[in-house]
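# Remarks on the overall topology
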Amino acid sequence: MPNTAPAHAKARKKSDPPPSRARLVVVEDEQDLQDLMRYHLEREGYAVTSALSGDRALKIIRAEPPDLIVLDLMLPGMDGLEVCRALKADAATAGIPIVMVTAKSEEADIVTGLELGADDYVAKPFSPRVLLARVRAVLRRRSAGGDAAEPDDADITIRNLVIRPERHEVLVQGRPVDLTATEFRLLQLLASKPGRVFPRQQIIETIHGKFAAVTDRSVDVQVVMLRRKLEEAGQDIQTVRGVGYRFRE
Ligand code: CA
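Report follows, based on the coordinates. Note that the coordinates shown come from a computational prediction; the quantities given were computed from them, not determined experimentally.

On to the pattern of salt bridges. According to the stated counting rule, one finds 17 salt bridges in the structure shown. Between E44 and R136 there is a salt bridge whose closest N-O contact spans 3.3 Å. Of the two residues, E44 sits in the loop between helix 2 (31-43) and strand 2 (47-51) while R136 sits in helix 6 (residues 128-143), which places them 92 residues apart along the sequence. Note on E44: relative accessible area 37%, which makes it partly exposed. Taking the shortest distance from any N to any O, the salt bridge between K229 and E183 comes out at 2.8 Å.

Structure below.
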């Protein structure tokens, strides 16, 4: 891996990064891929610690909780989902955002990971640009307090779309749009965290409650209806194949 770090940077202790630099832990058992991710993340200015296994990662993370974790799901021994579960079960680490790294064939695992509380994922093979964009977006959402507070009834304005929950009102380019209660809640949920992927099951639980007898398919139908009613703004509701939906950032 190319070494572009200036001498003074190497002299600084790893455990003592400047406060402005976000600290990342990268968990990936393929050394080449780990090196590649590390190279690009460090070049972007992040302080990166890496681990080749889930056990090692947990030790590093618990010793010094980072600002974000890039977590491969397919790991020998303790796999990524187990790591995710362990982190979310512990109050000291539950709030650390996680970006999962997966193979395209692991769609069920992606959904499970998102339901466990991971923030986003990149599917292998990915370009470094995609990884950096996801990391940046998740860190930005966190620093904006997007996940900490539940901005339940706050107004949302994104491009030409305005949502006013207290008035149960949606405007596209200033024109009111007539939505059903379910469509409204679906839109409010997706638009509350632009860029974040919501698995279908999570959408159902948020909108209808945990024990509702609502199928994944009905979420798809609601989305089709919602897109149609929102016209041009409907393009912002993106399908994430095999996983769920996200509102374009
Ligand atoms: Ca792996």
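Okay, helix 5 (residues 107-116) next. Every buried residue of helix 5 is listed here: I110, V111, G113 and L114. The arc that holds the buried residues of helix 5, viewed along the axis, is 160°, so those residues lie on one side. At its buried positions, helix 5 is contacted by helix 4 (80-88), strand 4 (98-103), strand 5 (120-124), strand 10 (197-199) and helix 8 (200-208). After helix 5 finishes, the residue G117 shows a positive phi value of roughly 120°.

I69, L71, I98, M100, Y121 and V243 are the most contacted members of the largest nonpolar core, which has 29 residues in total. Mapped by element, the contributors of at least two residues to this core are strand 1 (23-27), helix 3 (54-63), strand 3 (68-72), helix 4, strand 4, helix 5 and strand 5. The biggest single contributor to this core is helix 4, with 5 residues. Looking at this core, you find at least three residues from each of domain 1 (7-143) and domain 2 (156-247). Residues within four places of L71 in sequence aside, it is in contact with V27, G80, V83, C84, I98, V99, M100 and V101. Core analysis: the next-biggest nonpolar cluster, separate from the first, contains 26 residues, L161, L186, L187 and L190 among them.

Before going further, it helps to spend a moment on the packing of helix 4 against helix 5. Running from amino to carboxyl end, helix 4 crosses helix 5 at an angle of 10°, the nearest separation of the two axes being 10 Å. As summarised for this structure, helix 4 and helix 5 are arranged roughly parallel, according to the angle between their axes. The residues of helix 5 that touch helix 4, namely those facing L81, C84, R85 and K88, are D109, T112, G113 and L116. Of the residues contributing to the contact of helix 4 with helix 5, the split by class is 3 nonpolar, 2 polar and 3 charged.

Another point: the coordination of the calcium ion. Under ideal tetrahedral coordination, the four donors around a metal are separated by 109.5 degrees; under ideal octahedral coordination, the six donors are separated by 90 or 180 degrees. Within the protein, the atoms that donate to the calcium ion are D29 (OD), D72 (OD) and M74 (O), at distances of 2.1 to 2.3 Å. Spacing between the donor residues of the calcium ion along the chain follows D-x42-D-x1-M. On the basis of relative accessibility, which here comes to 2%, the residue D72 falls in the buried class.

Strands sit in the order 10-12-11 across an open sheet of 3 strands; the sheet is antiparallel. With one partner strand each, in any of the chains shown, strand 10 and strand 11 (237-240) form the two edges of the open sheet. The sheet shows a mean angle of 30° between the axes of neighbouring strands, taken without regard to direction. Strand direction decides the pairing type here: strand 10 and strand 12 (residues 244-247), joined by 3 bridges, are antiparallel. Each residue of the ladder has a partner; that of P199, found in strand 12, is G244.

Spatial ordering of the open sheet is given by 6-7-8-9, a layout of 4 strands whose pairing is antiparallel. Taken across any chain shown, the strands that pair with only one partner, and hence form the sheet edges, are strand 6 (156-158) and strand 9 (175-177). Put simply, the sheet's adjacent strands are angled 20° from each other on average, direction ignored. Judged from the 4 bridges that link them, strand 7 (residues 161-164) and strand 8 (residues 169-172) form a sheet pairing that is antiparallel. By the bridge assignment for strand 8, V162 is matched with L171. Contacts from helix 7 (residues 181-192) reach strand 6, strand 7 and strand 8, with the element oriented near 115° to strand 7.

A few words now on the environment of G95. Take G95: it is sitting in the loop between helix 4 and strand 4. Considering only alpha carbons, one finds G95 and L68, 27 residues apart in sequence, at a separation of 9.4 Å.

Conventions adopted
Residues numbered from 1 in each chain as written. Predicted model: local features only at pLDDT ≥ 70, side-chain atom pairs only at ≥ 80, totals over all residues. Heavy atoms only, no water. Salt bridge = Lys/Arg side-chain N within 4 Å of Asp/Glu carboxyl O. Helix = DSSP H or I, 4+ residues; strand = E, 2+ residues; numbered from the N terminus. Buried < 20%, exposed > 50% of the residue type's maximum accessible area, 1.4 Å probe, protein only. Arc of directions from axis to C-beta. Contact = heavy atoms within 4.5 Å. Core = buried A, V, L, I, M, F, W, Y, C linked by side-chain atoms within 4.5 Å. Domains from an automatic or database assignment. Axes fitted to C-alpha atoms, helices over the stretch in contact; angles between N-to-C directions. Parallel < 35°, antiparallel > 145°, perpendicular 65-115°, else oblique. Nonpolar A, V, L, I, M, F, W, Y, C, P; charged D, E, K, R; others polar. Donors = N, O, S within 2.8 Å, 3.2 Å for Na, K, Ca; no water. Pairing = 2+ DSSP bridges.

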